[in-house]
Amino acid sequence: MAELSTIARPYAKAAFDYAIEKNAVESWAQMLSFAAQVSENETMKPLLSGALASSQLADLFIKVCGEQINEQGQNLIKVMAENGRLEVLPAVYELFHEFSNEWAKEVEATVVSATELSAEQQQQISASLEKRLTRKVKLNCSVDASLVAGVIITAGDLVIDGSVSGKLNRLSDKLQS
């Protein structure tokens, strides 16, 4: 199984990255689940072991899947068939599912600002962090007037100090060195 996951990982990662980029994680999960089931079908299994040319196998596989797989999913099937890897589709689906579960987790971010943040500002910060961390973000906001202006954002081991006091401290450190 370790060998299968090693072979499947690049395909799963590429599919997952594409799905994230296109905001289509759920539809890709469904496509991969269906394709994995097709690859495990008793009629299809013997064909996956090289009985057909890769282009014929890809065409047959895509016809069997029908409208369950979109154009991008068909491209993945073609690449996997070309490389003789359709038999690892169940492992690709499992890894994709693991990536999806990891991605869907929520991370808490602490935002300390000099003044109260508006709902729009909180939404912008949340959206930026979600894009950067590729996770759902829950903000915990607080106010600290000693920052003068700006914000300090902490999410796990990520710290973004955009406060005026932080900038002044960094400037002071540079001038002293």
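All of these numbers come straight from a predicted model, not from anything done at the bench.

Which parts of the structure should I look at to understand the environment of D161?
Of note, D161 is situated in strand β4 (residues 158-161). As a C-alpha pair, D161 and V151 span 10 residues in sequence and 6.4 Å in three-dimensional space. Reaching out from D161, the side chain makes a polar contact with the side chain of S163 at a distance of 2.6 Å.

For this particular structure, what's the right way to read the packing of aromatic side chains?
Centre-to-centre distance and the angle between the planes together describe a pair of aromatic rings. A full pass over the atoms with the stated rule returns 4 aromatic pairs. On the numbers, 5.5 Å between centres and 75° between planes, the contact of F16 with F96 is edge-to-face. Within this pair, whereas F16 is found in helix α1 (residues 2-21), its partner F96 is found in helix α6 (residues 89-104), the two being separated by 80 residues in sequence. A relative accessible area of 6% means that F16 is categorised as buried. Using a relative accessible area of 0% as the deciding quantity, one classes F96 as buried. Considering the side-chain rings of F16 and F99, the 5.8 Å spacing of their centres and the 45° angle between planes classify their relative orientation as tilted. Of this pair, F16 sits in helix α1 while F99 is found in helix α6, placing the two residues 83 residues apart along the sequence.

Rules used in this analysis
Residues numbered from 1 in each chain as written. Predicted model: local features only at pLDDT ≥ 70, side-chain atom pairs only at ≥ 80, totals over all residues. Heavy atoms only, no water. Helix = DSSP H or I, 4+ residues; strand = E, 2+ residues; numbered from the N terminus. Polar contact = N/O pair within 3.5 Å; in protein donor to acceptor, adjacent residues only side chain to side chain. Phe/Tyr/Trp six-rings, centres within 6.5 Å; stacked < 30°, edge-to-face > 60°. Buried < 20%, exposed > 50% of the residue type's maximum accessible area, 1.4 Å probe, protein only.

These values are about where atoms sit, not about what they do.
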